[in-house]
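Here are the chains, one letter per residue:
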Amino acid sequence: MTVSKSAPDSARRFSYIVLGSIAYACLLGIALDLVTANVAVAYFSVHHPQIVETDNPWILAFVWGVAASWWFGLIGGVVIAFANQLRTRPLRPQRILRWVRRSCVVLWIVMLLILVATWSFAYYMVPMEKRPENFEDNARLIAVAMAHQFEYLLGGIAMMVIGFLTWFARSDEQDAQLLKE
C-alpha cells in the first residue's frame, strides 16, 4: 500500500504540519513567558517594544509568547513539511507533530534550567555585603534574559533534528509491517 501523493492530500499534509508547528511554537512561547514574565516583568514591559500598554505579566506572557514565536513555528513547519514532501512515502503529520510537541517540552525544560542556573549563579557568586540595592531585580532580569538568549538557537537545533528524523524515518507502512511480524 502506498500513500497517495495527490495534490489535495499533499497540500493538506503540508498545511497540517505547518499550522501544527506554529501552534506548538506559540504554546512553547506562552509557557516560557508565563514563567519568565512573572520572574521579571521588566524584561517585557521595559526592555522590549511596547505591544500592549500593561505591566500585567500574564497578559505580556500571552502577547509576547505568540508575537515572538509564531514566525519561528512557520519557518520550522515549512522546512519540516518540505522535508516530508520530498520523501518517497511522506509520513503522517501526526507522527511529525508528536516529535515537535516532545521537542517543545524539552526546550521548555532546558530554558527553565538555564533560568534557574543563572539566577542561582548570581546568588552564589555575589557576596551579601557586595550586593547593591537593586541586586534582586537585576539577578531576575539577567536570568530571564539568559533563558531567552538561547531560545532560537535551541529551536533551530530542534528543527534540524526533527527535519533529520522526518527525512530518515521508516515510512508508516514499514512500521506497520514490522508490527505485524
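Notes on the structure in this doc start here. (Residues numbered from 1 in each chain as written. Predicted model: local features only at pLDDT ≥ 70, side-chain atom pairs only at ≥ 80, totals over all residues. Heavy atoms only, no water.)

Regarding its fold elements, the protein chain presents eight helices and zero strands. Taking the principal axes of the C-alpha coordinates as reference, the protein chain spans close to 70 × 35 × 20 Å. Scored against the burial criterion, the 181 residues of the protein chain give a buried share of 39%. Considering only contacts in the protein chain between residues 6 or more positions apart, those separated by 24 or more positions represent 79%. Summing over all exposed atoms, the protein chain offers an accessible surface of approximately 10,700 Å²; the carbon and sulfur share of this is 68%. Both charge centroids of the protein chain, one from 15 positive and one from 13 negative side chains, sit 16 Å from each other. (Helix = DSSP H or I, 4+ residues; strand = E, 2+ residues; numbered from the N terminus. Buried < 20%, exposed > 50% of the residue type's maximum accessible area, 1.4 Å probe, protein only. Contact = heavy atoms within 4.5 Å. Areas by Shrake-Rupley, 256 points an atom, 1.4 Å probe, with all protein chains shown as cover. Lys, Arg positive; Asp, Glu negative; His and termini not counted. Charge placed at Lys NZ, Arg CZ, Asp CG, Glu CD.)

Another aspect to go through is the nonpolar core. Grouped together as the largest cluster of nonpolar side chains are 36 residues, with contacts concentrated most on Ile96 and Leu115. Mapped by element, the contributors of at least two residues to this core are α1 (7-39), α2 (42-45), α3 (57-67), α4 (70-85), α5 (93-125), α6 (135-149) and α7 (151-168). With ten residues, α5 is the largest single contributor of residues to this core. If we ignore the near neighbours within four places in the chain, the residues touching Leu115 are Val35, Val39, Ala143, Val144 and Ala147. (Core = buried A, V, L, I, M, F, W, Y, C linked by side-chain atoms within 4.5 Å.)

As a further point, take the side chain of Arg87. With respect to the element layout, Arg87 can be found in the loop between α4 and α5. In this structure Arg87 comes out as buried when scored by relative accessible area, which is 8%. Separated by 3.1 Å, the side chain of Arg87 and the backbone oxygen of Arg89 make a polar contact. (Polar contact = N/O pair within 3.5 Å; in protein donor to acceptor, adjacent residues only side chain to side chain.)

With that settled, consider the environment of Met159. Considering the arrangement of structural elements, one finds Met159 in helix α7. C-alpha separation for the pair Met159 and Val100, spaced 59 residues apart in sequence, amounts to 8.1 Å. When near neighbours in sequence (up to four residues on either side) are disregarded, Met159 contacts Ile75, Gly76, Val79 and Ile80.

Within the element layout of this structure, Phe150 appears in the loop between α6 and α7. Sequence spacing of Phe150 and Arg95 is 55 residues, and the spatial spacing of their C-alpha atoms is 26 Å.

Turning to the packing of aromatic side chains, a few remarks are in order. For the structure on display, the rule yields six aromatic pairs. Measuring from centroid to centroid gives 5.2 Å for Tyr123 and Phe135, while their planes differ by 85 degrees, and the two rings are edge-to-face. Here the residue Tyr123 occupies a position in helix α5, and Phe135 occupies one in helix α6, the gap between them amounting to twelve residues. Given the relative accessible area of 29%, Tyr123 is considered partly exposed. (Phe/Tyr/Trp six-rings, centres within 6.5 Å; stacked < 30°, edge-to-face > 60°.)

This part is about the pattern of salt bridges. According to the stated counting rule, one finds two salt bridges in the structure shown. Note that Asp9 and Arg12 form a salt bridge whose closest N and O atoms lie 3.1 Å from each other. Of this pair, Asp9 and Arg12 both sit in helix α1, three residues apart, which is roughly one turn of that helix. On the basis of relative accessibility, which here comes to 28%, the residue Asp9 falls in the partly exposed class. Look at Arg12 and you get exposed, because its relative accessible area is 53%. With its nearest N and O atoms 2.6 Å apart, the salt bridge here joins Arg140 to Glu136. Of the two residues, Arg140 and Glu136 both sit in helix α6, four residues apart, roughly one turn of that helix. We classify Arg140 as partly exposed; its relative accessible area is 26%. Since its relative accessible area comes to 29%, Glu136 is described here as partly exposed. (Salt bridge = Lys/Arg side-chain N within 4 Å of Asp/Glu carboxyl O.)

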